[in-house]
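Read off the chains here:
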Amino acid sequence: MTTSTLKRRRGRPPKAPRADHDTRAALIRSGTEVLTEQGFAASGIDGILKRVGVPKGSFYYYFDSKEAFGQAVMAHYGAYFAHKLDRHLLNDALSPLARVEAFVDDAKGGMVRHDFRRGCLVGNLGQEVGSLPAAYRQWLRDTLADWQRRLARCLDEAKGAGELAASADGDRLAEAFWIGWEGAVMRARLERSVRPMEVFLRCYLEGLPR
C-alpha cells in the first residue's frame, strides 16, 4: 500500500504538488478532451494523467475519485458551452435565427478541426446514462434545460422580430432543437462529415412556424 493511499484513508490528503491550480486545470482540460472523444466508461485515468504528465499518485490530491473528477469536467464543459451559446445567441449584430445558424457553423468548424473525434459531452454521457452515477443524470437534465432556456429566449426574440409566428412556442421549439441536435452530432461523427448537421439545421428551420 502506498503512502498516499494510507494518508487518504486516515483523512489526510497527500502532499500538494507544485503549481496545483494550474495542474488541476490541465487535468480537467485533458479530461474534457478524453470524455468528449470516448465517454465516461471507456476513459481511463492513466491516459488522462499521461497527457498532462502527472503521476498517478498525485491524482487524488486534486480529486477524491473518478466520479468527482467527472463532475469537475462536466462543470468545466457546462461553463464553456454556456459561454459559446451566449456568444452566438446574444449577438445583436445578427437576427435571432441567423444567430442559431452561426452557432451551428461554429460547431461544424469544431468538428472538422478535431477531425470528428470529439462529440458533445452531454450526448456522450447520455448514451451511457444507465451506468453513470445518479448525480450525473441530474447534471445532464439540468444542462439540457439550461441550453433549452437560452435558445428559447433567442426564439422569443425571433417572434418579436417577425421571423417566427406570434403563436410559436419557444420552449417546445428549443427542446426539439436539442433533441435533434445530439443525433446530428452523433451522425456527423459516424460519417466524418458535417452533412448531418447541415441537414438537421435546414429541416429545423424549414419546419419553424412562420
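Residues numbered from 1 in each chain as written. Predicted model: local features only at pLDDT ≥ 70, side-chain atom pairs only at ≥ 80, totals over all residues. Heavy atoms only, no water.

**Q** Hey, could you run me through the overall build of the protein in this one?
**A** From N to C terminus, the protein includes 10 helices and zero strands. The helix and strand sequence of the protein, counted from the amino end, reads α-α-α-α-α-α-α-α-α-α. Principal-axis analysis of the C-alpha atoms gives the protein an extent of 65 × 35 × 30 Å. In the protein, which comprises 210 residues, the proportion classed as buried is 44%. (Helix = DSSP H or I, 4+ residues; strand = E, 2+ residues; numbered from the N terminus. Buried < 20%, exposed > 50% of the residue type's maximum accessible area, 1.4 Å probe, protein only.)

**Q** I tried to follow the nonpolar core on my own but got confused; where do I start?
**A** Among soluble globular proteins, nonpolar side chains are generally buried collectively. Within the largest apolar cluster, 58 residues are counted, with the highest numbers of intra-cluster contacts made by Phe177, Trp178 and Trp181. Examining the composition of this core, we find that nine residues originate from one element, helix H8 (residues 134–160), more than from any other. With near-sequence residues (within four places) excluded, Trp178 lies in contact with Phe81, Leu85, Phe103, Trp147, Gln148 and Leu151. (Core = buried A, V, L, I, M, F, W, Y, C linked by side-chain atoms within 4.5 Å. Contact = heavy atoms within 4.5 Å.)

**Q** Is there a simple way to explain the environment of Leu89 in this structure?
**A** Position of Leu89 relative to the elements: it lies in helix H5 (residues 66–89). When the C-alpha atoms of Leu89 and Trp181 are compared, they prove to be 16 Å apart, with 92 residues separating the residues in sequence. Non-local contacts of Leu89, meaning those with residues more than four positions away in its chain, are made with Arg99, Val100, Arg150, Leu151 and Cys154.

**Q** What am I meant to see in the packing of helix H2 (residues 20–38) against H5 here?
**A** If you want to describe how two helices pack, look at the angle between their axes and the distance between the axes. Relative to each other, H2 and H5 sit at 85°, their axes nearing to 9 Å. One way to sum up the angle between H2 and H5 is to call them roughly perpendicular. The segment H2 lies against H5, with Arg24, Leu27, Ile28, Arg29, Gly31, Thr32, Leu35 and Thr36 engaging Phe69, Ala72, Val73, His76 and Tyr77. When its residues are assigned to classes, the contact of H2 with H5 shows seven nonpolar, four polar and two charged. (Axes fitted to C-alpha atoms, helices over the stretch in contact; angles between N-to-C directions. Parallel < 35°, antiparallel > 145°, perpendicular 65-115°, else oblique. Nonpolar A, V, L, I, M, F, W, Y, C, P; charged D, E, K, R; others polar.)

**Q** In this structure, what is going on with the pattern of salt bridges? I would like to understand it.
**A** If charged atoms from side chains of opposite charge come close, those side chains can pair. Applying the stated rule across the entire model yields 18 salt bridges. Between Arg51 and Glu37 there is a salt bridge, with the nearest N and O atoms lying 3.7 Å from each other. Highlighted residues: Arg51 in helix H3 (residues 45–52) and Glu37 in helix H2, separated in sequence by 14 residues. Across the pair Glu191 and Arg187 runs a salt bridge, and its minimum N-O distance is 2.6 Å. Here the residue Glu191 and the residue Arg187 both occupy positions in helix H9 (residues 170–191), the gap between them amounting to four residues, near one helical turn. By relative accessible area, Glu191 is classed as partly exposed at 30%. Arg187 sits in the partly exposed class, given a relative accessible area of 43%. One salt-bridge network, held together by shared partners, links Glu33, Glu37, Arg51, Arg117 and Arg118. (Salt bridge = Lys/Arg side-chain N within 4 Å of Asp/Glu carboxyl O.)

**Q** Would you take a moment to explain the packing of H5 against H8 for this structure?
**A** Put simply, H5 and H8 touch, their axes get as near as 11 Å, and they point 5° apart. Classified by the angle between their axes, H5 and H8 sit roughly parallel to one another. Here the residues of the contact of H5 with H8 sort into 13 nonpolar, three polar and five charged.

**Q** Honestly, the side chain of Glu182 in this entry has me stumped. Any pointers?
**A** Structurally, Glu182 is set in helix H9. For the buried Glu182, no salt bridge exists, and the shortest N-O distance to an oppositely charged side chain is 8.9 Å, to Arg189. Residue contacts for Glu182: discarding those within four places in its chain leaves Cys120, Val122, Gly123 and Trp147. (Lys, Arg positive; Asp, Glu negative; His and termini not counted.)

**Q** Sorry if this is basic, but what is going on with H3 here?
**A** The α-helix winds at 3.6 residues per turn, so residues separated by three or four positions along the chain end up facing the same way. Within H3, burial applies to Ile45, Ile48 and Leu49. The arc enclosing the buried residues of H3, seen along the axis, measures out at 95°, which places them on a common side. Residues of H3 that are buried make contact with H2, helix H4 (59–62) and H5. Phi turns positive one or two residues past the end of H3, at Gly53, with a value near 80°. (Arc of directions from axis to C-beta.)

These figures come from the coordinates and say nothing about function on their own.
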